[in-house]
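Listed here are the chains, written in short residue letters.
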Amino acid sequence: MKILIIGGGGREHAIAWKIHTDDPKTIIFAVPGNGGMDHIASCVPLDINDHQALLGFAIAHDIDLTLVGGEEPLSKGIIDLFSGNGLKTFGPTQKAAQIESSKRFAKDLMKNYDIPTAAYQVFDDYEKAIVYIDKQCLPIVIKADGLAAGKGVIIAMNHLEARTACQTLLKKHRYIVVEEYLQGIEFSLMAFVNGNTVVPMAVAQDYKRVGNGGKGPNTGGMGAYSPVPSISRGTITLAVETIMKPIAKAMVDEGIPFTGILYGGLMKTPTGVKVIEFNARFGDPETEVVLVRMKSKLVDTIFKILNHEPLSLRFAHNFAVGVVLASDGYPNDYEKGKAITIPQISEGICFHMGTQLKNGIFVNSGGRVLIVVAAEPTLALARKKAYESIASATNESLFYREDIGL
Ligand code: AMP
Ligand code: GLY
């Protein structure tokens, strides 16, 4: 079996690690991959935006299954291209990927199919947006319609901030979504989806802000843990039955069925579970803590979903905590090429998010550099193990949050 993974972050390292752990005989290629995947995958230095080159590579190497990590290739139609050329993939078409690439598409679909989410309006005009905002409660959330690499959501605390947010986002995006501010507990629920079939994974929680206690700007995610004790089995069932299954069915009914990993960014609010956003792919860093707990084989699971075979997923009864080590300065400017040491961990693993191997030494090549994941019988123990492992490796040019899993 030959698998092609497109991407080179911690999520793709975790996917490669899981496939290799399930069956070390599987041949894995990763484009571009990263320094930490070298021993389990052949890293191929192609441009992930050059879909024709990727297709040529997949055909030449007889790839049996292609998995796409990030949203950009999906939103540009890589799955349409690969499946149109007879290659097997597990991911959404360009149209179905709109569930992530267009907030407007996602919100309108939820509204039309009564899927619980924050109240909203879509605008392409600044003045109209302001008239609406002036009648709403504060804070208020303003979102870019298109992909914005984590920079498309502004929570405005007052009307001045809201005006600036509308101006800024409307300069770069044709539409903005102005949305009610929800309060509650956020969690991420990823599911294997094929048309109407929805098989949920264990839930996780992501830490989006850069600083301890949720302070500072948003990042790609500074850590995660799974499962989430404050999200009960009943809440998860409710989320699957009232959100994940209905949205999959809605997409089938609209003639744009979704295949792949559907990620629900959800919030448990006093008035029920509501959708904050959908992603059309594995979450990062949630995947790193969910896949280490998954007992079912990943590739088998995907083929069963694709073939509409019965499927029950199994997860270990443990807790996984993942702490991200980021380059000093992230999410703003940071220096690249600094030597780093890789923390060693028993009962866990260190996934590489942004590293390169240069002359036998690992150096940082991205904002988020490593994620140390510990899996233990309790959350407290997993947390302790992850932080002990980080403390034992000297990495003066990297920083991390101290409250992951607290
Ligand atoms: P998104 O890119 O849509 O995931 O938004 C980034 C983060 O902004 C989310 O993880 C939430 O913490 C926050 N956020 C987005 N929409 C809302 C909302 N309607 N109410 C409260 N917080 C929100
Ligand atoms: N952790 C959020 C995301 O993957 O978009």
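Source: prediction; values computed, not measured.

**Focus: the packing of aromatic side chains**
Part 1 of the argument: The tally for this structure, following the rule as stated, stands at six aromatic pairs.
Part 2 of the argument: When the ring of Tyr207 is compared with that of Tyr225, the centres are 6.2 Å apart and the planes differ by 50 degrees; the resulting orientation is tilted. Pair noted here: Tyr207 is in the loop between strand S11 (205-206) and strand S12 (209-211) and Tyr225 is in strand S14 (residues 223-226), with a separation of 18 residues, a long-range link.
Part 3 of the argument: Note on Tyr387 and Tyr400: the rings are 5.9 Å apart at their centroids and 50 degrees apart in plane angle, and the pair reads as tilted. A residue pair is termed long-range when its members are at least 10 positions apart, and Tyr387 in helix H12 (residues 379-391) and Tyr400 in the segment after strand S22 (398-399) qualify at 13 residues.

**Focus: the sheet that holds strand S8 (residues 176-180)**
Part 1 of the argument: The sheet built from four strands is open, its strands ordered S5-S8-S6-S7 with antiparallel pairing. Here the strands that pair on one side only, and so sit at the sheet edges, are strand S5 (120-123) and strand S7 (153-156). Going across the sheet, the axis of each strand differs from the next one's by a mean of 20 degrees, ignoring polarity.
Part 2 of the argument: Relative to S7, strand S6 (residues 140-144) is paired through four bridges, and the arrangement is antiparallel. Among the inter-strand pairings, Lys143 is bridged to a residue of S7, identified as Val153.
Part 3 of the argument: In the packing of helix H7 (residues 126-134) onto the sheet, contacts are made with S5, S6 and S8, and the angle to S5 comes to roughly 160 degrees.

**Regarding the pattern of salt bridges**
If charged atoms from side chains of opposite charge come close, those side chains can pair.
Part 1 of the argument: Counted under the stated rule, the structure contains 19 salt bridges.
Part 2 of the argument: A salt bridge links Glu376 to Lys385; the nearest nitrogen and oxygen atoms lie 3.2 Å apart.
Part 3 of the argument: In this structure Lys385 comes out as partly exposed when scored by relative accessible area, which is 25%.
Part 4 of the argument: Here the residues in one salt-bridge network are Lys103, Asp206, Lys208 and Glu277, joined through shared partners.

**Here's the deal with unusual backbone geometry**
Part 1 of the argument: Of the consecutive residues Val31 and Pro32, the connecting peptide bond is found in the cis state with omega at -5 degrees.
Part 2 of the argument: With respect to the helices, strands and loops of the structure, Pro32 is situated in strand S2 (residues 27-32).
Part 3 of the argument: A positive phi angle is found at His308, which is not glycine, with a value near 55 degrees.
Part 4 of the argument: Looking at His308, the relative accessible area reads 56%, which means it is exposed.
Part 5 of the argument: For Asn359, which is not glycine, the phi dihedral falls at a positive 50 degrees.
Part 6 of the argument: With respect to the helices and strands, Asn359 occurs in the loop between strand S19 (355-358) and strand S20 (361-364).
Part 7 of the argument: Of the residues examined, Asn359 reaches a relative accessible area of 81% and is grouped as exposed.

**Here's the deal with the sheet that holds strand S3 (residues 42-43)**
Sheets are built from strands paired through backbone hydrogen bonds, the pairs being either parallel or antiparallel.
Part 1 of the argument: The strand order across the open sheet built from four strands is S3-S2-S1-S4, with neighbouring strands paired in parallel fashion. Edge positions in the open sheet fall to S3 and strand S4 (65-68), since each of these has one partner strand only.
Part 2 of the argument: Across six bridges, strand S1 (residues 2-7) lies against S2 in parallel orientation. Among the inter-strand pairings, Ile5 is bridged to a residue of S2, identified as Ala30.
Part 3 of the argument: Across the sheet, helix H11 (residues 298-306) lies against S1 and S4, angled at about 100 degrees from S4, the strand it touches most.

Conventions and cut-offs
Residues numbered from 1 in each chain as written. Chains lettered and ligands numbered in written order. Predicted model: local features only at pLDDT ≥ 70, side-chain atom pairs only at ≥ 80, totals over all residues. Heavy atoms only, no water. Phe/Tyr/Trp six-rings, centres within 6.5 Å; stacked < 30°, edge-to-face > 60°. Helix = DSSP H or I, 4+ residues; strand = E, 2+ residues; numbered from the N terminus. Pairing = 2+ DSSP bridges. Axes fitted to C-alpha atoms, helices over the stretch in contact; angles between N-to-C directions. Contact = heavy atoms within 4.5 Å. Salt bridge = Lys/Arg side-chain N within 4 Å of Asp/Glu carboxyl O. Buried < 20%, exposed > 50% of the residue type's maximum accessible area, 1.4 Å probe, protein only.

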